Amino acid sequence: MSIFEYNGSALVAMVGKNCFAIASDRRLGVQLQTIATDFQRISKIHDRLFLGLSGLATDAQTLYQRLVFRHKLYQLREERDMKPETFANLVSAILYEKRFGPYFCQPVIAGLGDEDKPFICTMDSIGAKELAKDFVVAGTASESLYGACESMFKEDMEPEELFETVSQALLSSVDRDCLSGWGGHVYVVTPTEVKERILKGRMD
């Protein structure tokens, strides 16, 4: 088993019309044994920027703390929030810095940039970015997430339709992966509000 699959995870970010959704499962396991069913994989950096970290849970928490620290320094120096593109560059640089002993994480970054344009991106454990205009996925359920998102995604979805689409894609994908699941956690972010919802899924 790969070290990336040790705790299990499923992450997806999807773009809508001037909005985006980011969703994750809630399981924390040690290989096939479930430890917690309310694990938080998605973190808010500021009101228009969210970060999801799949992979090894301990590394995810360490990396998150470093990123929050760097973002607070940026806010103090620049007196503004970081743009999603800038934050993606920061994450990439921090990961690449540790390329000979990497953080075993695959980040998913989603945010609203200038003129409320949604930005989503994912990267590997050494910071090689993969930008997308529709959706990005990460974690042990990524293969089935690709299939579900590919078949369900439509362009310019409104926030409610986007929530339905991303939720159905997540729930149907984690049912096909025994290392992730136990419900879901979905954020739908528009220029004016952030909606957070908990999904109930199969508890096995």
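For the structure itself, consult the block above.
Residues numbered from 1 in each chain as written. Predicted model: local features only at pLDDT ≥ 70, side-chain atom pairs only at ≥ 80, totals over all residues. Heavy atoms only, no water.

J.: Just checking my understanding: could you explain the state of the cysteines for this structure?
T.: One covalent bond between the sulfur atoms of two cysteine residues makes up a disulfide. With the rule as written, the count across this model stands at zero disulfides. Note on Cys149: no disulfide assigned, nearest cysteine sulfur contributed by Cys19 at a separation of 15 Å. Residue Cys149 is classed as buried on the basis of its relative accessible area, which comes to 0%. (Disulfide = S-S within 2.5 Å. Buried < 20%, exposed > 50% of the residue type's maximum accessible area, 1.4 Å probe, protein only.)

J.: I'm lost on the pattern of salt bridges in this one. Help?
T.: Side chains carrying opposite charge are able to pair once their charged atoms draw close together. Applying the stated rule across the entire model yields 11 salt bridges. Between Glu97 and Arg66 there is a salt bridge whose closest N-O contact spans 3.2 Å. Placement of the pair is Glu97 in helix 2 (residues 84-97) and Arg66 in helix 1 (residues 57-78), with a sequence separation of 31 residues. Arg66 sits in the partly exposed class, given a relative accessible area of 24%. One salt bridge in this structure joins Glu160 and Lys195, with 3.4 Å as the shortest N-O distance. Within this pair, whereas Glu160 is found in helix 4 (residues 159-174), its partner Lys195 is found in strand 12 (residues 194-199), the two being separated by 35 residues in sequence. (Salt bridge = Lys/Arg side-chain N within 4 Å of Asp/Glu carboxyl O. Helix = DSSP H or I, 4+ residues; strand = E, 2+ residues; numbered from the N terminus.)

J.: I'm lost on the packing of helix 3 (residues 142-152) against helix 4 in this one. Help?
T.: Two measures define how a pair of helices packs: the angle their axes make with one another and the distance between the axes. Following both chains from N to C, one finds helix 3 and helix 4 inclined at 145 degrees, their axes separated by 9 Å at the closest point. Of the two elements, helix 3 crosses helix 4, and the hand of that crossing is right-handed. Mapping the contact onto sequence places Ser144, Leu145, Ala148, Cys149 and Met152 in helix 3 and Thr165, Gln168, Ala169, Leu170, Ser172 and Ser173 in helix 4. A class-by-class count of the residues in the contact of helix 3 with helix 4 yields six nonpolar, five polar and no charged. (Axes fitted to C-alpha atoms, helices over the stretch in contact; angles between N-to-C directions. Left-handed = near helix turned anticlockwise from the far one by under 90°. Contact = heavy atoms within 4.5 Å. Nonpolar A, V, L, I, M, F, W, Y, C, P; charged D, E, K, R; others polar.)

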